[in-house]
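# A look at the structure
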Amino acid sequence: LHDALPISLERYGLIQTGDSIQGLIGAAIFSVLLTILVGLYFKNQTASEDYPVKALLLIAIVFLVFLSIARFIVFNRTILPYVYPLAAFGLTLSVVFNFELAGFLTLILGVMTAYGMPNGFDLTIFYIIPSIVGMLSLGKARRISAFVGAGASIGLAGIAIIIAYRLPDSVTDWIGIATLSATSLINGFGAAAMTLLLQYLFSQSLGTTTPLQLLDTSRPDHPLLQLLLREAPGSYQHSLQVANLAEQAAEAIGADGLLVRVGAIYHDCGKSQNPHFFIENQVKDKL
């Protein structure tokens, strides 16, 4: 019992042992290794997946912010590591860029966040797997309900991991498991809410458009579409028909159907300046 007490206290972050200099050297080597891994990943990107420098800088800044908060605020706490919405980073990259990039960097972030923590391995699993589950659940992120579903998926996946690791642990009782499970749900919905904000910041900074913004642009009450409807109703109906056909064609070849649809809806807006120059807006005189 005397020998097991320090191990238990260290496991739950109540005490720390070991030489700090050796720990810093080990952390530095580990960080350099992961940095090289990230560099090799981006070096081997194909031309179609090449990212601009501005995007890489923004990704790096957000990555370091998430990592710094985790290491300096969450580190060596009991409950906070399970509340920290690290999955928001992966969800944001999945929406703005693609699932492959989001999954890879989430893996790196999860490993670096939990490195050196007393229960580092199960925290690494807790950060990575629910994040990937959330990204898969989010899909194309075209509805607010998709974000709610992703948050619920992250929370439930986290609960499953907590039970899987804590249930065999005789130190954690059912109250502790219930507490951590509740924090996991908070984590999931918090990550989904933070993703809504982060994707907006990314899109504004990079000049890109998210699926939610595209859907908002395609609403019939958009001022430009209302102008087209009033001034050139024939062109408006024609644009809707073209949009339906273009969306189906885009999906058939694996292109972004939503982007093509929105572009097709707006492709004839210039006709609103002189609508009667075009036959679809000309009314035939009755005999």
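Calculation criteria
- Residues numbered from 1 in each chain as written.
- Predicted model: local features only at pLDDT ≥ 70, side-chain atom pairs only at ≥ 80, totals over all residues.
- Heavy atoms only, no water.
- Helix = DSSP H or I, 4+ residues; strand = E, 2+ residues; numbered from the N terminus.
- Buried < 20%, exposed > 50% of the residue type's maximum accessible area, 1.4 Å probe, protein only.
- Contact = heavy atoms within 4.5 Å.
- Areas by Shrake-Rupley, 256 points an atom, 1.4 Å probe, with all protein chains shown as cover.
- Axes fitted to C-alpha atoms, helices over the stretch in contact; angles between N-to-C directions.
- Parallel < 35°, antiparallel > 145°, perpendicular 65-115°, else oblique.
- Left-handed = near helix turned anticlockwise from the far one by under 90°.
- Nonpolar A, V, L, I, M, F, W, Y, C, P; charged D, E, K, R; others polar.
- Lys, Arg positive; Asp, Glu negative; His and termini not counted.
- Salt bridge = Lys/Arg side-chain N within 4 Å of Asp/Glu carboxyl O.
- Polar contact = N/O pair within 3.5 Å; in protein donor to acceptor, adjacent residues only side chain to side chain.
- Expected span 1.5 Å × (residues − 1).
- Core = buried A, V, L, I, M, F, W, Y, C linked by side-chain atoms within 4.5 Å.
- Phe/Tyr/Trp six-rings, centres within 6.5 Å; stacked < 30°, edge-to-face > 60°.
- pLDDT = per-residue confidence, 0-100.
- Patch = residues over 30% accessible without salt bridge, like charges linked within 9 Å, V, L, I, M, F, W, Y side chains within 5 Å.

The number of helices and strands found in the chain is 13 helices and zero strands. Listed by position from the N terminus, the elements making up the chain come as α-α-α-α-α-α-α-α-α-α-α-α-α. Every one of the 287 residues in the chain was classed for burial, and the buried ones make up 40%. Summarising the internal contacts of the chain: among those between residues at least 6 apart in sequence, 71% fall at separations of at least 24. Summing over all exposed atoms, the chain offers an accessible surface of approximately 16100 Å²; the carbon and sulfur share of this is 67%.

One can describe the packing of helix 5 (residues 87-96) onto helix 9 (residues 174-206) by two numbers: an axis separation of 8 Å at closest approach and a directional angle of 45 degrees. Taken as axis vectors, helix 5 and helix 9 run oblique relative to one another. The crossing of helix 5 and helix 9 is right-handed. Across the interface between the two elements, Ala 87, Ala 88, Leu 91, Thr 92, Leu 93, Val 95 and Val 96 from helix 5 touch Ala 191, Ala 192, Met 194, Thr 195, Leu 198, Gln 199 and Phe 202 from helix 9. Residues of the contact of helix 5 with helix 9, tallied by class, amount to eleven nonpolar, three polar and no charged.

Structurally, Arg 166 is set in helix 8 (residues 144-166). The charged side chain of Arg 166 is buried without a salt bridge, its nearest counter-charge being Asp 122 at 4.2 Å. A polar atom in the side chain of Arg 166 sits 2.8 Å from the side chain of Tyr 82.

Now for the packing of helix 11 (residues 223-231) against helix 12 (residues 233-252). Relative orientation of the contacting elements helix 11 and helix 12 amounts to 125 degrees, with a least axis distance of 5 Å. Between helix 11 and helix 12, the angle falls in the class oblique. Contacts between helix 11 and helix 12 involve Leu 225, Leu 228, Leu 229, Arg 230 and Glu 231 on the former and, on the latter, Pro 233, Ser 235, Tyr 236 and Ser 239.

Given a rise of 1.5 Å per residue, 16 residues ought to cover 22 Å, and the 22 Å separating the end C-alpha atoms of helix 6 (residues 99-114) matches this to within 8%. Counting buried residues in helix 6 gives twelve out of 16 residues, a clear majority hidden from the surface. Inspection of helix 6 places Leu 101, Ala 102, Gly 103, Phe 104, Leu 105, Thr 106, Ile 108, Leu 109, Gly 110, Met 112, Thr 113 and Ala 114 among the buried residues, and these make up the whole buried set. Sitting at the head of helix 6, Asn 98 places a side-chain oxygen 3.2 Å from the backbone nitrogen of Glu 100. Positive backbone phi, at 85 degrees, marks Gly 116, one or two positions downstream of helix 6.

Here we take up the nonpolar core. Phe 66, Phe 89, Leu 105 and Leu 138 are the most contacted members of the largest nonpolar core, which totals 49 residues. At the level of elements, helix 2 (20-43), helix 3 (53-74), helix 5, helix 6, helix 7 (120-138), helix 8 and helix 9 are the ones that each hand at least two residues to this core. Formed by twelve residues, the second largest nonpolar core is a distinct cluster that contains Leu 214, Leu 225, Ala 232 and Val 262.

Below, the discussion takes up the packing of aromatic side chains. Applying the stated criterion across every chain yields a total of ten aromatic pairs. When the centroid spacing of 6.2 Å and the interplanar angle of 85 degrees are considered together, the rings of Phe 97 and Phe 202 count as edge-to-face. On the criterion of sequence distance, the pair formed by Phe 97 in the loop between helix 5 and helix 6 and Phe 202 in helix 9 is long-range, its members being 105 residues apart. Joined through ring pairs, the aromatic side chains of Phe 63, Phe 66, Tyr 84 and Phe 89 make up one cluster.

The share of residues in the chain with pLDDT of 70 or more is 90%, and the mean pLDDT across the chain is 82. Mean pLDDT in the chain bottoms out at helix 1 (residues 4-11), which sits at 52, and peaks at helix 5, which reaches 92.

Judged by side-chain polarity, Ile 61, Val 65, Ile 69, Phe 72, Ile 73 and Leu 80 come together as a nonpolar surface patch covering roughly 580 Å² of accessible area. The greatest single-element share of the nonpolar patch, amounting to five residues, is contributed by helix 3. In this fold, Leu 80 is placed in helix 4 (residues 80-83).

Take the side chain of Thr 92 next. Structurally, Thr 92 can be placed in helix 5. Overall, the relative accessible area of 1% leaves Thr 92 in the buried class. Within the local environment of Thr 92, its side chain forms a polar contact with the backbone oxygen of Ala 88, the two atoms lying 2.7 Å apart. Ignoring any residue separated from it by four or fewer positions in sequence, one finds Thr 92 in contact with Thr 195, Leu 198, Gln 199 and Phe 202.

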